Amino acid sequence: MLNRYITVSVLLFILNSLLFAGEFNEQAEKDRIAMQKYFLKKFENPLKNAGEYFPYVSEEEIKKNYIYPLKLEDFVNGTAAWYKPTRDQMVEINDFPPYEIPLDEGSELWEKPFANGKTYSSCFPNPAIKQNYPYYDVKKDEVVTIGEAINECRVKNGEKPLKYGKGEIAKIIAYIAYESRGKRINVKIPNEKARLAYEAGKKLFYKQRGYLYLNCVECHVIGAGQRIRQEALSPILGAVSHFPVYRLKWGGLGTLQRRLAGCVKDTGSEKPKLQSKELKELEYFVTYMSNGLKLNGPDTRK
Amino acid sequence: MKNILIYTLFSVLLLFSGCSYSSAPQSKAEVAKKEISKAEARYTQAHKAFVAWKDTKKVLKKAKKFYKDKRFDDAIALAKEAYYQADMALIEADEAEKVWRSVVPK
């Protein structure tokens, strides 16, 4: 009798969790599907819908430089997905990828024992975990990024946390990203607080800010597929799949947090601290938008 | 009697002119201090709301340095600039709050 009660309770709990899990990401799913539809339509035939989506691009340039139609999976390649000159450059650069050496170093760091003899494997038995980050930690009530998880592991093993953004942490994330290649991004919204974090990230993405009164959308949704002078703008869809990236501008490997902070600064806003609540929520939203796409990091970018 | 009145009036005038002369730099310092603290409060508001502009903190810092160097006019000018930036950041944040949903793909 008692066993039956326990079984029924457990089943009800699971059913309840599933039902509510569906509710918490209901809006997020609508947003994600709408974003995907927007980009698929935009890059279906740029020549045909230039008036609506590419008002500043000449017919000649579209014919010469644009790659289309794009499939959903193509968006993981960023600008190289739709812009021939960038694709050609990337193909050439990736003959000898500049991220290869830092990636090897990341692999060594992963294996290198801490002072207590343990390694990162003591926290992450399988390094192919990037698809689940960032995630919402229901105990801490906050978004946790891959960088934070790495530092948490270090602190747990008596080591000092690493500086976020570049250097050792970017190399370790590069190794994790490499091991996670091919896995589909799978960010979840487990409860109401996670939903609020997602909504906060969404607002930050869409709200104009800084002395240029810009939002992320102007460059990476509406502007994606167009140029600012010589720079071809990348779509937000799939933008997180290839991080960390070796950026030629940086002359080294950098994390997604570093890139996001740079983007916020480019609007004329104060540069946010890496791993600040706001920046983590932005990462949470942006990554959710790419849910279902395959990871292909690390990679090279301009 | 007439002389006494003239001397008294003269002394009072002298006293007041002296007072105003000696209080002039102090009053500018006070104005600068007030402007800096006003700008600082507004900047803190913008910073907490995560909408502060890129250079406001730097401008404020420079204003404080000018104040320290007793360059009160420069300090006042920069404090006012910092206040303006922080104020505009908060105003535009209010404006953006009303319209950001309109750009979400549907």
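Residues numbered from 1 in each chain as written. Chains lettered and ligands numbered in written order. Predicted model: local features only at pLDDT ≥ 70, side-chain atom pairs only at ≥ 80, totals over all residues. Heavy atoms only, no water.

1. Re the overall build of chain B
No. 1: Helices and strands together make up the secondary structure of chain B, namely three helices and zero strands.
No. 2: Along the chain direction, N to C, the helices and strands of chain B fall in the order α-α-α.
No. 3: For chain B, the exposed surface amounts to about 7,600 Å²; the carbon and sulfur share of it is 63%. (Helix = DSSP H or I, 4+ residues; strand = E, 2+ residues; numbered from the N terminus. Areas by Shrake-Rupley, 256 points an atom, 1.4 Å probe, with all protein chains shown as cover.)

2. What about helix H8 (residues 168-179) of chain A?
No. 1: For H8(A), which comprises 12 residues, the first-to-last C-alpha distance of 17 Å matches the rise-based estimate of 16 Å (1.5 Å per residue) to within 8%.
No. 2: Where H8(A) is concerned, the buried positions are A:Ile169, A:Ala170, A:Ile172, A:Ile173, A:Ala174, A:Tyr175, A:Ile176 and A:Ala177. (Expected span 1.5 Å × (residues − 1). Buried < 20%, exposed > 50% of the residue type's maximum accessible area, 1.4 Å probe, protein only.)

3. Observations concerning the environment of A:Ala194
Residues and elements named next belong to chain A.
No. 1: If you trace the backbone, Ala-194 turns up in helix H9 (residues 192-206).
No. 2: It is 29 Å that separates the C-alpha atoms of Ala-194 and Gly-223, two residues lying 29 residues apart in sequence.
No. 3: Aside from chain neighbours lying at most four places away, what touches Ala-194 is Tyr-136, Ile-189 and Tyr-284. (Contact = heavy atoms within 4.5 Å.)

4. Observations concerning the interface of chain B and chain A
No. 1: The interface of chain B with chain A comprises 20 residues on the first partner and 22 residues on the second.
No. 2: The junction of chain B with chain A conceals about 2,000 Å² of combined surface from both sides, 63% of it contributed by carbon and sulfur atoms.
No. 3: Put simply, chain B and chain A have two salt bridges between them.
No. 4: A salt bridge links B:Glu97 to A:Lys203, with the nearest nitrogen and oxygen atoms 3.0 Å apart.
No. 5: Our count for the contact surface shared by chain B and chain A stands at 10 residue pairs in polar contact (both at pLDDT 80 or more).
No. 6: Those elements that provide at least two residues to the side of chain B that touches chain A are helix H1 (2-48) and helix H3 (72-99) of chain B.
No. 7: Residue classes in the side of chain B that touches chain A are distributed as 12 nonpolar, one polar and seven charged. (Buried area = accessible area lost by both parts, 1.4 Å probe. Salt bridge = Lys/Arg side-chain N within 4 Å of Asp/Glu carboxyl O. Polar contact = N/O pair within 3.5 Å; in protein donor to acceptor, adjacent residues only side chain to side chain. Nonpolar A, V, L, I, M, F, W, Y, C, P; charged D, E, K, R; others polar.)

5. Side note on the packing of helix H11 (residues 256-266) of chain A against helix H12 (residues 277-289) of chain A
Residue and element names in this part refer to chain A.
No. 1: Where H11 meets H12, the closest approach of the two axes is 10 Å, and the angle between their N-to-C directions is 105 degrees. In this view, H11 runs roughly perpendicular relative to H12, as classed from their interaxial angle. The segment H11 lies against H12, with Leu-256, Gln-257, Leu-260, Ala-261 and Val-264 engaging Leu-279, Lys-280, Leu-282, Glu-283 and Thr-287.
No. 2: For the contact of H11 with H12, a count of residues per class yields six nonpolar, two polar and two charged. (Axes fitted to C-alpha atoms, helices over the stretch in contact; angles between N-to-C directions. Parallel < 35°, antiparallel > 145°, perpendicular 65-115°, else oblique.)

6. Digging into the sheet that holds strand S6 (residues 252-254) of chain A
All names here are of chain A.
No. 1: Strand order across the open sheet formed by three strands is S6-S5-S7, with mixed pairing between neighbours. The open sheet is flanked by S6 and strand S7 (299-301), the only strands paired with a single partner. Here the average twist between neighbouring strands, direction ignored, is 40 degrees.
No. 2: Note that strand S5 (residues 245-247) and S7 share three bridges and pair parallel. (Pairing = 2+ DSSP bridges.)

7. A closer look at the nonpolar core
Residues and elements named next belong to chain A.
No. 1: Counting residues in hydrophobic clusters, the biggest one holds 56 residues, and the most contacted among them are Phe-39, Phe-205 and Tyr-284.
No. 2: Of all elements in the fold, only helix H2 (26-42), helix H3 (50-53), H9, helix H10 (216-220), H11 and H12 reach the threshold of two or more residues within this core.
No. 3: Top contributing element to this core by residue count: H12, with seven residues.
No. 4: Contact partners of Phe-39, with chain neighbours within four places excluded, come to Phe-75, His-220, Val-221, Ala-224, Pro-235, Ile-236 and Leu-237.
No. 5: Listed in part, the 24 residues of the second largest apolar core include Val-144, Ala-149, Ile-150 and Ile-172. (Core = buried A, V, L, I, M, F, W, Y, C linked by side-chain atoms within 4.5 Å.)

8. Some points on the state of the cysteines
Residue and element names in this part refer to chain A.
No. 1: By the definition in use, this model includes one disulfide over all chains.
No. 2: A sulfur-sulfur separation of 2.1 Å characterises the disulfide bridge that pairs Cys-123 with Cys-153. Judged by the sign of its S-S torsion, about 85 degrees, the bond between Cys-123 and Cys-153 is right-handed. Separated by 30 residues along the polypeptide, Cys-123 in the loop between helix H6 (100-111) and strand S1 (135-137) and Cys-153 in helix H7 (residues 146-156) bring together distant segments of the chain.
No. 3: Of the residues examined, Cys-123 reaches a relative accessible area of 22% and is grouped as partly exposed. (Disulfide = S-S within 2.5 Å.)

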